Amino acid sequence: MSWLMWMALAVAGELAAAPDLDGVQWIARGPVDAIEAEIQVVEIWATWCGPCHVTFPLLTELQAGRTDLRVVALTDDKPDRVRRFFHKNGNEMRFAIAVAPEEKIHEFMFGGYEGRGLPSVYVISKGQMLWSGEPQHLAKALEDLGS
């Protein structure tokens, strides 16, 4: 499905509303230096999740040099733990990182979208969920969306 088709569905109200990022605590590259992006890619991850760590190069590459897209890694780990993790691994994590309440994570993971485990990825535009699934399918999904 083309990007224009997705946007037409969003305008017509046929796409599911996506959870917002209100109330998150930004750890890195948060709202102060946030780019204005047409598309947000939100990954739900955890500091203890090995498969999540494997996605960091993909997310960093995806974010690199793009102003139309914003990558946000969202976790419900304790903020101090996430700060320590970022301090140790920040060179591999060149995208926004935020901590959210468990309820916000559940809105993404159990809100009727495809994600159910860690890591899960969600593509959002104008408050509408365009795609959700596993990170290994993200590049193809973005290509299909015309992004």
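The numbering scheme is per chain: residues are counted from 1 as the chain's sequence reads. At least 70 in pLDDT is required for a residue's local features to be given in this predicted model, at least 80 for side-chain atom pairs to be given and counted, and no such filter applies to totals for whole chains, interfaces and linings, which use all residues. Just so you know, side-chain values use all the structure's heavy atoms and leave hydrogens and water out.

Undergrad: Please clarify how helix α3 (residues 56-63) should be interpreted in this entry.
TA: Side chains that are three or four residues apart share a direction in an α-helix, a result of its 3.6 residues per turn. Exposure classes here rest on a 1.4 Å probe applied to the protein chains alone. A residue is buried below 20% of its type maximum, exposed above 50%, and partly exposed in between. For the purposes of this entry, the term helix denotes a DSSP run of H or I that reaches at least four residues, the term strand denotes a run of E that reaches at least two, and both are numbered from the N terminus. Listing the buried residues of α3 in full gives Phe-56, Leu-59, Thr-60, Leu-62 and Gln-63. The buried residues of α3 occupy one face: seen down the axis, they fall within an arc of 160°. We call two residues in contact when some of their heavy atoms are within 4.5 Å. Looking at the buried side of α3, the elements it contacts are β2 (39-44), α2 (50-54), β3 (69-75), α4 (79-89) and α6 (138-144). A positive backbone phi angle near 70° is found at Gly-65, which sits one or two residues after α3. This arc describes the spread of directions from the helix axis toward the C-beta atoms.

Undergrad: Any chance you could explain the state of the cysteines here in plain terms?
TA: By definition, a disulfide is the covalent link that joins the sulfur atoms of two cysteine residues. Cysteine sulfur atoms that come within 2.5 Å of each other are treated as a disulfide pair. This model, assessed by the stated rule, comprises 1 disulfide. Disulfide pairing places Cys-49 opposite Cys-52 at an S-S distance of 2.4 Å. For the disulfide bridge between Cys-49 and Cys-52, the dihedral angle about the S-S bond is near 80°, and by the sign convention the bridge is right-handed. Classification of Cys-49 by relative accessible area gives buried; the value is 4%. For Cys-52, a relative accessible area of 0% corresponds to the buried category.

Undergrad: What is the right way to read the sheet that holds strand β4 (residues 96-99) from this model?
TA: Strand pairs in the sheet, formed through backbone hydrogen bonds, run parallel or antiparallel to each other. Strand order in the open sheet formed by 6 strands is β1-β4-β3-β2-β5-β6, and the pairing between neighbours is mixed. Single-partner strands in this sheet number two, and they are β1 (25-28) and β6 (128-133). Direction aside, neighbouring strands of the sheet carry axes that sit 25° apart on average. As paired strands, β2 and strand β5 (residues 120-125) are joined by 5 bridges and run antiparallel to one another. Along β5, the bridge assignment pairs Val-41 with Val-123. A fitted line through C-alpha atoms serves as each axis, taken over the contacting stretch for helices, and the angle formed by two N-to-C directions is quoted from 0 to 180°. Sitting on the sheet, α4 touches β1, β3 and β4, and the angle it makes with β1 is about 15°. Two strands are said to pair when DSSP picks up at least two bridges between them.

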